[in-house]
Amino acid sequence: MMTESQALETLTREDPDAAGDAKAALAWLTGDEGLETISLLRLQEFLWYALPVKWPMSTPGRVGVAKALGRLFMLAGLDRYAGVCSSAETEQIITAYAAGHEEGIAAYTEAIEASNAAPPDTELLAWGSVMGPQERAAYDACAAALELAFASGELCVGSRGWRTKRADLVNRWLTGRSESTAGRRGDGHVLLGTPLAWDGSLGTDTWLGRISAERIDAWAHGRPGERSRLARALIPRLLEPPALPDDPLPTLRWLLGHADEGLRLTARHYIAPALVTEAVDTFGWRDQLVGTLRQELDVFPLHTLRGMAQAEMGAIRRSRTSLVLTKTGKLMAADPAARWHIGTAALIGPDDGPQPDFSVAVREAALLVILTSGPTGYDELTRLLTDIHGVEGWAAGSSTGLASAVRTELYTLRHRLWALHLLGSERSFTAPLSLTETGVAAALSALLARALRPRHHLGLG
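Residues numbered from 1 in each chain as written. Predicted model: local features only at pLDDT ≥ 70, side-chain atom pairs only at ≥ 80, totals over all residues. Heavy atoms only, no water.

Chemist: How should the overall build of the protein chain be read in this particular structure?
Modeler: Each helix and strand in the protein chain was counted, giving 20 helices and 3 strands. Taking the principal axes of the C-alpha coordinates as reference, the protein chain spans close to 90 × 50 × 45 Å. Within the protein chain, counting contacts between residues at least 6 apart in sequence, those at least 24 apart form 64% of the total. Summed over all atoms, the accessible surface of the protein chain reaches about 20900 Å², with 53% contributed by carbon and sulfur. Put simply, the protein chain has 45 plus and 54 minus side-chain charges, and the middle of one group is 5 Å from the middle of the other. (Helix = DSSP H or I, 4+ residues; strand = E, 2+ residues; numbered from the N terminus. Contact = heavy atoms within 4.5 Å. Areas by Shrake-Rupley, 256 points an atom, 1.4 Å probe, with all protein chains shown as cover. Lys, Arg positive; Asp, Glu negative; His and termini not counted. Charge placed at Lys NZ, Arg CZ, Asp CG, Glu CD.)

Written out as structure tokens, the structure reads:
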């Protein structure tokens with residue numbers, strides 16, 4: 001086995017041009033820190049993404065760089081890495097970029113997933129595609145641990161329970177604690193939170209704690225103007241979340257309980273009238289709405305609740321003429337903490353696409369304002385949020401257009417709060433938008449989930 005310098009000298013004698021390519025590729029990979037810093041994941045990311053995207057060369061030239069690097073690895077005794085460089089798969093992926101960037105990215109993504117070199121998402125952490133330094137360091141460290149486990153035979157693809165064992169390894173690496181305590185609060189509840197739950201008990205001496213702190217800091221400081229100021233003001237309250245309510249989100253508990261037995265639907269797939277009546281009477285909606293209130297569409301909070309649970313929480317799904325629980329829904333029905341964390345995160349909603357989502361941005365900002373300023377009238381909220389989003393670059397053709405779009409999203413937030421029994425007692429549109437005591441706790445929980453979510457785009461936290 002040769003050292004790095006010996007391998008380069010040998011390759012230079014064999015083919016000076018190939019040695020130049022290999023040396024440049026090695027510098028990109030290691031930053032002059034040596035062969036020992038290379039991992040399978042880092043090599044795959046270079047060959048299948050960085051090389052075809054960031055190196056201004058022809059496709060044959062890029063394939064040549066990969067093969068030259070493979071020859072260097074072979075001389076250095078790194079046969080497994082050499083095999084990746086010289087494989088037909090690597091050449092096919094590099095060539096795919098010639099047909100278009102999207103084709104290349106699709107081939108790269110599929111190959112990375114199939115290689116099992118990348119750490120998977122677990123119940124403790126969903127990795128972002130845009131990472132801060134701490135998260136990237138943890139990602140690389142977990143990848144190296146997985147690579148070692150596969151190489152040593154501790155993990156074997158296709159063996160019984162190998163995916164669970166892989167996730168357990170990642171969780172142990174993230175927390176530095178045993179499987180029996182990873183991801184559990186002091187009261188024994190598993191923390192899900194969607195996408196990452198954290199109650200501060202992990203501290204910052206673990207990878208998970210450092211990632212949490214980094215994400216919260218990015219959320220509080222990474223946005224322009226007033227949004228960041230409001231977020232920073234709430235950090236102390238986010239880091240000391242209130243106790244779990246005795247009966248978290250009772251309307252959601254009711255819906256999940258019925259879905260556990262198969263919640264009957266009409267021929268047009270709406271909730272059956274008898275169940276609509278039960279919900280109306282159970283949650284006091286008859287005094288808040290007008291009409292006969294026998295149809296799902298007549299009861300805004302019930303219709304909103306069903307939509308959130310089905311489309312955003314992933315807790316229920318339609319099976320023929322009934323709503324039934326998903327795996328997530330079964331967990332939420334059995335575990336009040338899971339119901340609380342997943343349900344409150346849906347107040348703001350998901351934002352995991354390549355671009356920021358306006359609806360999510362408005363709902364987040366509205367909760368920030370209400371939590372820092374108290375109950376706020378719709379006109380005042382609309383003005384404040386229009387100013388915030390205008391500064392951030394959101395546009396709807398005109399200032400009045402932006403204000404109208406903001407107002408629409410405020411009504412959506414109102415319905416969500418109402419659906420989860422979190423809206424203040426005065427519900428008219430002329431009254432300030434307010435929260436119950438539990439609603440305040442839920443809003444803090446939603447914002448914490450927002451702060452801790454994985455990032456998939458730059459900007460707006």
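Chemist: I keep staring at the packing of aromatic side chains and nothing clicks. Help me out?
Modeler: Two aromatic rings, taken as a pair, are described by how far apart their centres are and by the angle between their planes. All told, the structure shown has 11 aromatic pairs when counted by the stated rule. Ring geometry for Phe-73 and Tyr-81: centres 5.9 Å apart, planes at 65°, overall edge-to-face. Take Phe-73: its relative accessible area is 0%, and that puts it in the buried class. Looking at Tyr-81, the relative accessible area reads 9%, which means it is buried. Here the aromatic cluster, defined as three or more aromatic residues joined through ring pairs, consists of Trp-28, Phe-46 and Trp-55. Lying across the ring of Trp-207, Arg-210 places its NZ or CZ 4.5 Å from the centre. (Phe/Tyr/Trp six-rings, centres within 6.5 Å; stacked < 30°, edge-to-face > 60°. Buried < 20%, exposed > 50% of the residue type's maximum accessible area, 1.4 Å probe, protein only. Lys NZ or Arg CZ within 6 Å of the ring centre and 35° of its normal.)

Chemist: Would you mind going over the pairing of strand 2 (residues 316–319) with me for this structure?
Modeler: Looking along a regular strand, one sees the side chains alternate between the two faces of the sheet. Summarising the sheet, strand 2 and strand 3 (residues 322–325) pair through 4 bridges and their orientation is antiparallel. Following the sheet pairing, Ser-319 is matched in strand 3 by Ser-322. Counting the residues in the hairpin turn of strand 2 and strand 3 gives 2 residues, including Arg-320, whose phi is positive at 55°. (Pairing = 2+ DSSP bridges.)

Chemist: What is the right way to look at the environment of Thr-175 in this model?
Modeler: Within the secondary structure layout, Thr-175 lies in helix 9 (residues 162–175). Residues Thr-175 and Glu-240 lie 65 residues apart in sequence; the distance between their C-alpha atoms is 20 Å. Polar side-chain contacts of Thr-175 include one of 2.9 Å to the backbone oxygen of Asn-171. (Polar contact = N/O pair within 3.5 Å; in protein donor to acceptor, adjacent residues only side chain to side chain.)

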